[in-house]
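# Working through the structure, step by step
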Amino acid sequence: MTALPPIPAHLPAWQAGHLAWLAAQGHPTFYAVPDGTEPKRADLTGAYLYGADLTGANLSGADLTGANLRGAVLYGANLYGAVLSGADLSGAVLCHARGIASIGPIGRHGRSVYAVAHDDGARIQAGCWWGGVDDTIARIEADYSDDPAARDRYVAAVRAVAALVSP
């Protein structure tokens, strides 16, 4: 078996604890967990990660509620099960990121819509909204009741992006 590489220096200090938490949950990790690291689920609620280089970071299950990820490099990052309620992903680099997909701009406000894979189905982030696919569609149908064509395009976009992260 090939030894796992050490955590790169550009990743934040909380990454080691989160990797230990992932390993304790039985999830595979790409980087080796340093000996003696206490497992701790990453809680990045409100974190300022503007332009952060999180290339290859395993953020699966992390709480990123309200985090500023504007322009962050998430190339190859694993966001499966992450909570993105109110997170700002404007201009974030999501190339080859796992567990997340985006589409946009869509709707009256030209939002980017993100779908994040969770065990029980995709979660959708659009603007400050965070919820399941059905709840998101119900909200769109209510908000766009005066414009059926725009409503149908928005709903189709949500279904399409959710399908990209669904098994």
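Description of the structure in this document. This one's a predicted model, so the numbers in the text were calculated from it and none came from an experiment.

Across the chain, the bulk of peptide bonds are trans and the bulk of non-glycine residues have phi less than zero. Residue P105 follows G104 across a cis peptide bond; omega there is 5 degrees. Mapped onto the secondary structure, P105 falls in strand β1 (residues 100-106).

Our focus in this paragraph is the packing of aromatic side chains. According to the stated counting rule, one finds two aromatic pairs in the structure shown. The interplanar angle of 10 degrees and the centroid separation of 6.0 Å between the aromatic rings of Y48 and Y50 together place this pair among those described as stacked. Residue classification places Y48 among the exposed positions, given a relative accessible area of 62%. Plain terms: the ring middles of Y144 and Y154 are 5.4 Å apart, the flat faces sit at 85 degrees to each other, and that makes the pair edge-to-face. On the criterion of sequence distance, the pair formed by Y144 in the loop between α2 (133-143) and α3 (148-165) and Y154 in helix α3 is long-range, its members being ten residues apart. Taken individually, Y144 and Y154 each receive the classification buried, so the pair is uniform in this respect. Directly above the aromatic system of Y144 lies the positively charged group of R108, at a separation of 4.2 Å from the ring centroid.

Quick look at the side chain of Q15 now. Within the secondary structure, Q15 is located in helix α1 (residues 14-24). Dropping the residues within four chain positions of it, Q15 is found in contact with I7, A57, N58 and L59.

Under the definition given, this model contains five salt bridges. Measuring nitrogen to oxygen at the nearest pair gives 3.8 Å for the salt bridge that ties D143 to R139. One end of the pair is D143 and the other is R139, both in helix α2 and four residues apart, which spans about a single turn. Assessed through its relative accessible area of 38%, R139 is described here as partly exposed. In this structure, D152 engages R151 in a salt bridge whose closest nitrogen and oxygen atoms are separated by 3.2 Å. Its relative accessible area of 44% is what places D152 among the partly exposed residues.

Rules and cut-offs
Residues numbered from 1 in each chain as written. Predicted model: local features only at pLDDT ≥ 70, side-chain atom pairs only at ≥ 80, totals over all residues. Heavy atoms only, no water. Helix = DSSP H or I, 4+ residues; strand = E, 2+ residues; numbered from the N terminus. Phe/Tyr/Trp six-rings, centres within 6.5 Å; stacked < 30°, edge-to-face > 60°. Buried < 20%, exposed > 50% of the residue type's maximum accessible area, 1.4 Å probe, protein only. Lys NZ or Arg CZ within 6 Å of the ring centre and 35° of its normal. Contact = heavy atoms within 4.5 Å. Salt bridge = Lys/Arg side-chain N within 4 Å of Asp/Glu carboxyl O.

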